[in-house]
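If you want the building blocks of each chain, they are given just below.
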Amino acid sequence: MAYYQLKDRVVDGTLCGPDTYDICVQGLCRQAGCDHVLNSKARNDKCGVCGGDNSSCKTLAGTFNDAQYGYNAVVRIPAGATNIDIKQVSYSGKPEDDNYLALSDTQSNFLLNGNFVVAMFKREITFKGTIIEYSGSDTKVERINCTDRIEEELILQVLCVGNLYNPDVRYSFNIPIEEQREQFVWDPSGSWLECSRLCQGERRRKAVCFRKSDHLEVSDQRCEHLPRPIAVTEACNTDCELRWHVAGKSECLAKCGPGYRSLDVQCMKYSQMKRQSERMEASFCADITKPQMRETCHGDCLLKSWQYSAWSQCSKTCGRGIRSRESYCMNNLGRRLVDRECSEYERVVSEPCNEQLCPNWAVSEWSECLVTCGKGMRHRQVFCTMGDGEEKLREHFCNPSSKPSTVGSCELAECATWQVGVWGACAVTCGHGYQMRAVRCVLGDYGDTVDDRECNAAARPRDSQDCEMPPCSWTSASQITPRPDNSVQLVTQWRYGSWTACSVSCGKGKLARYVSCRDAQGGVADESYCAHLPRPPEFSTCFSPCGQWHAREWSD
């Protein structure tokens, strides 16, 4: 019950199995014949001869149906016998018929079913290196068979017991034929062999070796010791003829003067009956003298070349275009030829042109928005350039329809605006007075109040205006309310807004802002009340350098 690891492969040359000549090579089963040669298809014939033709043996067959109790001799099978096939058919159609096949050697030693002991099941018997197969007794047709050659004589017997019903034994096997010289002869009138040539050839009959007793055709080896008969021959394929034919000639290799040209020599088959010809492989005319493959010639000294018309206009003015021209094949005598006459020469009918880059528009960066809030405008420079943009050209070199815009819109944060309230009541009940209203700087949708400097001071609405009430009625001086003393100094100060944008985009311009006198409550007071304070300037100058044109050297 032990287990062992086997090798990966068997030794090269080991048979693949008991019933084959194939052998193992490097772990793979390879085909081999009975001659033990790789890839050989040689097989044993029915006589057991490797590569034989079945002529070295004959078949013996017979039956046996005489029953006596015990072992009954049926037939002696001689040494050298092959293809042994023995059957014993049950009389009742059932496996139990009391008759059983048995085998023994010449010394009465049983190989099968001896001493009244019967093998019921299938088994193989090895006899002197030959394997004999037995079907077992438990079958309707009991069978013994062996395809290989037996090396010693066997005796076939049948064991009869029980009711002694007659057995039904049938046997056949092949036995060698004793070779004698006079048994095999040559027959010169065998089948015709193929014609020796495709045309005007000769054929002969094949000499066949056969056995005289039954006129069976056998291998030529059986007649090798006999002189071969004179071959019977006759002419064949006489209705045709093979010969070399010059199918064509090349042009003279010398354009002017003596030279050579090649010949197209073909092997042709001419049929005299059908009056037609057929091209054949050159090997069919190998035994016929072949003509020379070239011959002398003389060039006509006519030279050929391509002549051209003028170039067409370039398909593009820049960016790589194509120009073309017509071509003509002409000889040196000025005669026009067909184009194929000049096919060996190079022909140029088109070429690239105007490969320089095309001008295109280039733009500078946008300027800052011209307003500090809200929607405004911005500017940029647009110029026509060549290729990399370093060289500037006049604008007419570029496509005016594709010129980019020099002005664009821009939008910054929303601007703060002035918001005014309703006018208040007049400061007097009669006569000439003034009234005020709230003015504030607001930003956004919700009107958030911001510093006045965020709004445009120049656009600030007035927060006071004169008002006129009905005239006052004059009474006595004792009833007049005294006016306030103008000498009392009010608490006032100057207030100012943010500067406006410069009045010019470059150069010298002006700035403006709103300046007003305010009292302690933030109301607008007459400027005379702030006269004792220095008044802030309402205007100022501004300056930013302007661009200047500068001309460089002219381009090529």
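The name recorded for the protein in an unreviewed UniProt entry is A disintegrin and metalloproteinase with thrombospondin motifs 20, from Xenotaenia resolanae. Per its UniProt entry, the protein bears the Subcellular location (unreviewed entry) comment "Secreted".

Undergrad: Sorry, what's going on with the overall build of the protein here?
TA: Across its full length, the protein carries zero helices and 41 strands. The C-alpha radius of gyration computed for the protein amounts to 66 Å, which surpasses the reference 24 Å derived for 556 residues by more than 25%, pointing to a less compact arrangement than a globule. Looking at the protein as a whole, 28% of its 556 residues are labelled buried. Nonlocal contacts in the protein, meaning residues at least 24 apart in sequence, comprise 59% of its contacts between residues at least 6 apart. Summed over its atoms, the accessible surface of the protein is roughly 38600 Å², and 50% of this surface lies on carbon and sulfur atoms. For the protein, the centre of its 65 positive side-chain charges and the centre of its 72 negative side-chain charges are spaced 6 Å apart.

Undergrad: Is there a simple way to think about the sheet that holds strand β25 (residues 336–337) in this case?
TA: On the basis of which strands lie adjacent, the open sheet formed by three strands has the order β22-β24-β25 and antiparallel pairing. At either end of the open sheet lies a strand with only one pairing partner, and these are β22 (304–308) and β25. Inspection of the sheet shows strand β24 (residues 327–331) paired to β25 by two bridges, in the antiparallel sense. Within β25, the residue paired with M330 across the bridge is R336.

Undergrad: When you look at the state of the cysteines in this model, what are you seeing that I'm missing?
TA: One way to say it: the disulfide is the covalent bond shared by the sulfur atoms of two cysteines. Within this structure, the stated rule accounts for 19 disulfides. Disulfide partner of C195: C236, at an S-S distance of 1.8 Å. The chirality of the disulfide connecting C195 with C236 is right-handed, given an S-S dihedral of about 85°. Remark: C236 occurs in strand β17 (residues 233–236) and C195 occurs in the loop between β13 (184–187) and β14 (201–204); sequence separation between them is 41 residues. C195 gets classed as partly exposed once you look at its relative accessible area, which sits at 24%.

Undergrad: Mind showing me how you'd approach the nonpolar core here?
TA: Grouped burial of nonpolar side chains is what soluble globular proteins tend to show. Membership of the largest hydrophobic core comes to 28 residues, with the highest contact counts inside it found for I77, I86 and L156. For I77, the residues in contact, after removing those within four places along its chain, are I84, I86, I150, E153, L154 and F173.

Undergrad: Hey, could you run me through the pattern of salt bridges in this one?
TA: Working definition: two side chains of opposite charge can pair if their charged atoms are close together. Scanning the model with the defined rule gives 19 salt bridges in all. With a shortest N-O distance of 3.6 Å, R347 and D339 are connected by a salt bridge. Under the relative-accessibility criterion, R347 is labelled partly exposed at 40%. Of the residues examined, D339 reaches a relative accessible area of 35% and is grouped as partly exposed. The structure contains a network of salt bridges with shared partners spanning K249, R261 and E295.

Undergrad: Would you take a moment to explain the environment of Q157 for this structure?
TA: Along the chain, Q157 falls in strand β11 (residues 154–160). When its relative accessible area of 12% is taken as the criterion, Q157 is described as buried. The spacing of Q157 and G62 is 95 residues in sequence and 14 Å in space, taken between C-alpha atoms. A distance of 2.9 Å separates the side chain of Q157 from the side chain of S104, its partner in a polar contact.

Undergrad: Looking at this model, I keep getting lost on the UniProt feature "domain: ADAMTS/ADAMTS-like cysteine-rich" (unreviewed entry) in the protein. Mind explaining?
TA: The UniProt record annotates "domain: ADAMTS/ADAMTS-like cysteine-rich" (unreviewed entry) at residues 8–57. With 0% helix and 14% strand, residues 8–57 has its two end C-alpha atoms placed 44 Å apart.

Undergrad: What should I look at first to understand the UniProt feature "domain: ADAMTS/ADAMTS-like Spacer" (unreviewed entry) in the protein in this one?
TA: Taking the UniProt record as the reference, the feature "domain: ADAMTS/ADAMTS-like Spacer" (unreviewed entry) is found at residues 60–176. Annotated as 0% helix and 52% strand, the span residues 60–176 places its first and last C-alpha atoms 11 Å apart.

Undergrad: Is there a simple way to think about the environment of Q493 in this case?
TA: Structurally, the position occupied by Q493 is in strand β37 (residues 492–496). Classification of Q493 as partly exposed rests on a relative accessible area of 42%. Separated by 410 residues in the primary sequence, Q493 and N83 place their C-alpha atoms 145 Å from one another. Contact partners of Q493, with chain neighbours within four places excluded, come to S516, C517, R518, C530 and L533.

Undergrad: Could you clarify how one ought to interpret a nonpolar patch on the surface in this entry?
TA: A grouping of Y69, F116 and L164 is seen on the molecular surface, where their side chains present a nonpolar patch of about 330 Å² in accessible area. Mapped onto the elements of the fold, L164 is located in the loop between β11 and β12 (169–176). A relative accessible area of 35% means that L164 is categorised as partly exposed.

Undergrad: Could you clarify how one ought to interpret the environment of E468 in this entry?
TA: Mapped onto the elements of the fold, E468 is located in strand β36 (residues 464–468). Residue E468 is classed as exposed on the basis of its relative accessible area of 59%. Taking the C-alpha atoms as reference, E468 lies 41 Å from T372; in sequence the two are 96 residues apart. With residues near it in sequence (within four places) discarded, E468 still touches G431 and H432. Here H432 takes part through its side chain, which lies 3.1 Å from a polar atom of the side chain of E468.

Undergrad: Looking at this structure, I do not really get the sheet that holds strand β39 (residues 515–519). What am I missing?
TA: Note on sheets: strands pair through backbone hydrogen bonds, and any given pair is parallel or antiparallel. In space, the three strands of this open sheet follow the order β37-β39-β40, with antiparallel pairing throughout. Here the strands that pair on one side only, and so sit at the sheet edges, are β37 and β40 (524–525). Judged from the five bridges that link them, β37 and β39 form a sheet pairing that is antiparallel. Along β39, the bridge assignment pairs W494 with C517.

Undergrad: Even after reading the chapter, I still don't get unusual backbone geometry, so can you show me in this structure?
TA: Glycine aside, a negative phi is what most residues show, and trans is what most peptide bonds show. The phi angle at S108 is positive, at roughly 65°, despite the residue not being glycine. Note that S108 resides in the loop between β6 (99–104) and β7 (110–112). A positive phi angle, close to 50°, is found at N237, a residue other than glycine. Tracing the chain through its elements places N237 in the loop between β17 and β18 (240–249). Exposure remark for N237: the relative accessible area of 32% places this residue in the partly exposed category.

The rules behind each value
Residues numbered from 1 in each chain as written. Predicted model: local features only at pLDDT ≥ 70, side-chain atom pairs only at ≥ 80, totals over all residues. Heavy atoms only, no water. UniProt positions renumbered as here; feature names shortened; annotations may be inferred. Helix = DSSP H or I, 4+ residues; strand = E, 2+ residues; numbered from the N terminus. Rg over C-alpha atoms; globule rule 2.2 N^0.38 Å. Buried < 20%, exposed > 50% of the residue type's maximum accessible area, 1.4 Å probe, protein only. Contact = heavy atoms within 4.5 Å. Areas by Shrake-Rupley, 256 points an atom, 1.4 Å probe, with all protein chains shown as cover. Lys, Arg positive; Asp, Glu negative; His and termini not counted. Charge placed at Lys NZ, Arg CZ, Asp CG, Glu CD. Pairing = 2+ DSSP bridges. Disulfide = S-S within 2.5 Å. Core = buried A, V, L, I, M, F, W, Y, C linked by side-chain atoms within 4.5 Å. Salt bridge = Lys/Arg side-chain N within 4 Å of Asp/Glu carboxyl O. Polar contact = N/O pair within 3.5 Å; in protein donor to acceptor, adjacent residues only side chain to side chain. Patch = residues over 30% accessible without salt bridge, like charges linked within 9 Å, V, L, I, M, F, W, Y side chains within 5 Å.

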